[in-house]
Amino acid sequence: DAVSLNISGDRLFDQGRLTEAVAEYERALILCPEETNVLNSLGVSYGHLGQMDRAMRLFERAQKTAPDDFMAYYNLGCIYLIEEKYEEAIQAF
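A brief look at the structure comes next. Note that this is a predicted model, so its numbers are computed, not measured.

### Thoughts on helix 3 (residues 36-48)
Here comes step 1: Over its 13 residues, helix 3 extends 18 Å from the first C-alpha to the last, a length consistent with the 18 Å expected when each residue adds 1.5 Å.
Here comes step 2: Counting buried positions along helix 3 gives 10 out of 13 residues, so the element sits mostly inside the fold.
Here comes step 3: Looking only at helix 3, the buried set comprises T36, V38, L39, N40, S41, L42, G43, S45, Y46 and G47.
Here comes step 4: For helix 3, the secondary structure elements touched by its buried residues are helix 1 (2-14), helix 2 (18-31), helix 4 (52-65) and helix 5 (70-82).
Here comes step 5: Phi turns positive, to about 85°, at G50, one or two residues after helix 3.

### Structural notes on the packing of helix 1 against helix 3
Here comes step 1: Viewed as axis vectors pointing N to C, helix 1 and helix 3 meet at an angle of 25°, and their least axial separation amounts to 10 Å. With respect to their mutual orientation, helix 1 and helix 3 come out roughly parallel. Pair helix 1 / helix 3 crosses with left-handed handedness. Where helix 1 approaches helix 3, its residues A2, N6, D10 and F13 are matched on the opposing element by N37, V38, S41, V44, S45 and H48.

### Details of unusual backbone geometry
Here comes step 1: Positive phi outside glycine occurs at E84, with the angle close to 60°.
Here comes step 2: One can find E84 in the loop between helix 5 and helix 6 (86-92).
Here comes step 3: Since its relative accessible area comes to 58%, E84 is described here as exposed.

### Some details on a nonpolar patch on the surface
Here comes step 1: Together, F70, M71, Y74, L81, Y86 and F93 make up an exposed nonpolar region whose accessible area comes to about 650 Å².
Here comes step 2: Here the nonpolar patch takes four residues from helix 5, the largest share from any one element.
Here comes step 3: Its location among the elements puts L81 in helix 5.

What counts, and where the lines are drawn
Residues numbered from 1 in each chain as written. Predicted model: local features only at pLDDT ≥ 70, side-chain atom pairs only at ≥ 80, totals over all residues. Heavy atoms only, no water. Helix = DSSP H or I, 4+ residues; strand = E, 2+ residues; numbered from the N terminus. Expected span 1.5 Å × (residues − 1). Buried < 20%, exposed > 50% of the residue type's maximum accessible area, 1.4 Å probe, protein only. Contact = heavy atoms within 4.5 Å. Axes fitted to C-alpha atoms, helices over the stretch in contact; angles between N-to-C directions. Parallel < 35°, antiparallel > 145°, perpendicular 65-115°, else oblique. Left-handed = near helix turned anticlockwise from the far one by under 90°. Patch = residues over 30% accessible without salt bridge, like charges linked within 9 Å, V, L, I, M, F, W, Y side chains within 5 Å. Areas by Shrake-Rupley, 256 points an atom, 1.4 Å probe, with all protein chains shown as cover. Salt bridge = Lys/Arg side-chain N within 4 Å of Asp/Glu carboxyl O.

The structure is reproduced here in structure tokens:
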């Protein structure tokens, strides 16, 4: 299920196996496309891979899915900081 795949992806991420982690998270999204934890985990992975636009879209999607989940806002703010979009970062935080 999506939760198991998210956990598996987290373990791979912790081992530095980002490409494999992304594959697990992508599989989880197929099963549960609006799972906020998976969206955030996948976004973080893409951020670590330098794919900031992709990460940003996932965090924005997580915000829409769960507007009260602070992690999507925090993660999006971090991406904005990396991209030197300071006003957007302030709004996200």
